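# Results of the structural survey
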Amino acid sequence: MSSLQIQNNQCFRLDEIIFSAKNDFLNTVSEHLSNGFRMIGLFPPDKGNPGRIIAALANSGSSELCIVGGEFPEDKLEFESFAVSFPQTNYFECELAENYGYTPLNHPWLRPVRKQNVILGDKPYHFYKLEGDEVHEVAVGPIHAGVIEPGHFRFQCHGELVYNLEINLGYQHRGVEALFLEADSNRRIMLAESTAGDTVIGHTYAHCNVVESLSNTQIGLRAQVIRSVAEELERIAMHLSGLGGVANDIGLAIVASSYGRLRTLVINSLADLSGSRFGRGLFVYGGVRFDFDSENINHIMKKLNTVRNDVKVINDFLFSSTGALVRFEKTGAVSPDSAFKIGLVGLAARSCGIELDTRINYPYGSYRYFPVSQITLSTGDVFARARLRALEIDESLRFIFEQIENLPEGEIRGDAGDAEPVSGVVSITEGWRGEIVHIAVTDEKGGIVQYKIKDPSFNNWYGLSLALRKTEISDFPLCNKSFDLSYAGHDL
Amino acid sequence: MIDAIKLRILQGDPIVHDVKNANLPKLFRGLPTIVDKPCPEGCDKCAAVCPVHAITANPVKIDLGRCTFCPLCEEACPGKLIHYTNNYHIASDKRENLIVTKDTKSITPARAAKKIRDYFGKSLKLRQVSAGGCNGCELELNALNNVNFDMGRFGIEFVASPRHADGIVITGPITKNMANPLQICYDAVPNPKIIILVGTCSIAGHVFESSDCLQRKFLDENKIDLYVPGCPPHPLTFITGILSFIGR
Ligand code: SF4
Ligand code: SF4
């Protein structure tokens, strides 16, 4: 029964992890899972030695974070699946099987995560199928109707009602994790920026936290504030885009285009700060590249004042429109119980009443000194996911105004030292979708030999499947937009 | 109803009227200028920091097809020879015109062949395929339809079916898993058709170039009509590039 207690962004030595025998490992992990922990990583820290694995587990309720190590006989990489009792681990086990040759025995639904046409457990994969009279199947994608990333969706329907939606991804797989290992530092930042291009700040923030923690680099307060202002700008921009998306899907064109106009103002504010509408180029190890000055603050404040003023009017219109509420309420609902069981994170989890926000549960950077409020709603439907976005926009705006009005003085850029050898670190940030986890492990020379990324979409795609159950197929676009998940972040 | 009108009034007039002469933020990184001075003896700092091998020193040459506008080279150059301006006119019909030297003053795509202009000059429908794009390029392409850029006013639109399209727009480095769907989509577009590459990923592979998860054969087998560089390209780079291409 041994686990290594760590904190967000705390560098630990690999020899602090106790790799217990397989059965002890399985028991310890199960025990944690029954005590409210969520899995956030499951992989061998040394790819050359797949028999040794670690499970990274987080308990947001108690803000605990821990690592459990296990040793499997190399010729028998199999274990009784946790997923039977804890559905939240299902996808992590699929990934472990796909990448490292493990066999989770009695796994309820072993399927490919990113690779197409893989053989899992000796069988080629077949889509889940419903049989019976009046049953039909609708297959969509990988290429969809709009300018969107690719993914394949299979609906098993009875009449208009969806009984099961299977989401098959991997089309975007670029091998990001592997590329991290061979890249030099400049390349790594670029990789992090391009992991999911709608969450440039969220992923790059997590990546910089990893490297800076490994090298014990301190970040000046001003730089920390600039980082979190950028993160909140990204959140506002994408929440506006999500609200515009749901408005568009119910045919409220004026609302959709109004949100679109405000989003432009927000991403242009990021461009005022960093030159890029997505904040590319802003992050460097040891701080940020661009600073606030009176000129860009002026531009940004002017834009954000318009946003603060107008977003209220648009929200009032949307959330008092009967036509919108009829479509939003009770559509695509996920119960708090299911949300917890499948390990939903971020905005989708908070809209089911689960208190889970990295900025609050595992604060990092300037969120440690300048907190944001945890906002939750309880209905878990399209309404809650839309409404929560509106509320979070208000909170992020409050945060940004407060920070910019009280900017600390100081250097924005320092140097990062060398990474500690034979160590590891878990860095979690709260991207606009939710929990982003980056985990790195170093070798004797301090080189990164294992790099794992978990985008919130990795957890939440299954939430979309559940939301669709017993829902009319025509509500799919609306439900999908209310989750607004990443393909690239999932596929890596 | 009254509230909807109020919303409309609140919208004001956010559109970029003159897409060819818009003012982008000072820090926006578009066309670089290279000072006509020799590099310091033996210096290749710019090339050494560039994560995507887009720049060579002495004489300085930057390949905008590869460049991600990051701006490490500008920072690294001890002679301050490199400066990224906010000029967003950087699309080109020829790959080699994306290579910027000290003599490059501007980049504009040449007008397409008369047949293409006759067919598509007034109405151009495009099918977009994301083949490993990170959603950065996709977001900017979507932004083309918002009230700020409203590309529809020029008769240029994205359509759902390749059968209704006059060409395809590719984003992303073309993953193995998307190579086949991309081909099927392209085959479904009726002739004559054009191919537009949007973003560093599709043009040169970006940081993913060395990944064994890509399959970029499609690009060797087909003629590319327009390159729109950037990571992601600004919506105005796309609009102005296409307008010049179809001769407007
Ligand atoms: S700005 Fe372009 S050329 Fe310069 S270092 Fe970055 S990617 Fe390379
Ligand atoms: S060019 Fe840049 S923004 Fe476009 S898909 Fe590639 S990484 Fe994303």
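Scope of this entry: the structure provided in the associated data block.

Cut-off values and rules
Residues numbered from 1 in each chain as written. Chains lettered and ligands numbered in written order. Predicted model: local features only at pLDDT ≥ 70, side-chain atom pairs only at ≥ 80, totals over all residues. Heavy atoms only, no water. Pairing = 2+ DSSP bridges. Helix = DSSP H or I, 4+ residues; strand = E, 2+ residues; numbered from the N terminus. Buried < 20%, exposed > 50% of the residue type's maximum accessible area, 1.4 Å probe, protein only. Phe/Tyr/Trp six-rings, centres within 6.5 Å; stacked < 30°, edge-to-face > 60°. Lys NZ or Arg CZ within 6 Å of the ring centre and 35° of its normal. Near = heavy atom within 4 Å. Nonpolar A, V, L, I, M, F, W, Y, C, P; charged D, E, K, R; others polar.

Read from one edge to the other, the open sheet built from four strands follows the order β2-β16-β17-β18 (chain A), with strand pairing classed as antiparallel. With one partner strand each, in any of the chains shown, β2 (12–13) and β18 (448–454) of chain A form the two edges of the open sheet.

Before going further, it helps to examine the pairing of β18 of chain A. All names here are of chain A. For β18, a buried count of six out of seven residues is recorded, marking the element as mostly surrounded by other parts of the structure. One ladder, built from six bridges, connects strand β17 (residues 435–442) with β18; its direction is antiparallel. What sits directly across from H438, in β18, is I453. Count of turn residues in the β17/β18 antiparallel hairpin: five residues, of which G446 carries a positive phi of about 85 degrees.

Going through the model one piece at a time under the given rule, you end up with 23 aromatic pairs over all chains. Both rings, one in Y205 of chain A and one in F283 of chain A, keep their centres 5.4 Å apart while their planes meet at 55 degrees; by these two values the pair is tilted. Taken together, the positions of Y205 of chain A in helix α5 (residues 200–214) and F283 of chain A in strand β14 (residues 283–284) put the pair 78 residues apart, joining distant regions of the chain. Take Y205 of chain A: its relative accessible area is 1%, and that puts it in the buried class. Among the residues examined, F283 of chain A registers a relative accessible area of 2% and is labelled buried. Each ring, one from Y119 of chain B and one from F120 of chain B, has its centre 6.0 Å from the other, and the planes form 65 degrees; the classification is edge-to-face. These aromatic residues form a ring-pair network of at least three members: F25, F72, F79, F82 and Y102 of chain A. Between the NZ or CZ atom of R387 of chain A and the centre of the ring of F319 of chain A, over which it lies, the distance is 4.8 Å. Between the NZ or CZ atom of K193 of chain B and the centre of the ring of Y186 of chain B, over which it lies, the distance is 4.1 Å.

A few words now on the pairing of strand β8 (residues 167–171) of chain B. Each regular strand shows side chains that alternate between the opposite faces of the sheet. Residue and element names in this part refer to chain B. With respect to burial, β8 is a largely interior element, five of its five residues being buried. The side-chain alternation of β8 yields two buried faces, one formed by G167, V169 and T171 and the other by I168 and I170. Two strands pair when backbone bridges link them, and β8 and strand β9 (residues 194–198) are joined in this way by four bridges, in the parallel orientation. Paired with I170 across the bridge in β9 is L197.

Take the site of ligand 2 next. Lining the immediate environment of ligand 2, one finds 13 residues, of which C134, C137, T200, C201 and C231 of chain B sit closest. Those chains with residues close to ligand 2 are chains A and B. Secondary structure elements with two or more residues in the shell around ligand 2: α5 (136–143) and α7 (199–204) of chain B. In terms of residue count, α7 of chain B provides more of the shell around ligand 2 than any other element does, three residues in total. Residue classes in the shell around ligand 2 are distributed as five nonpolar, seven polar and one charged.

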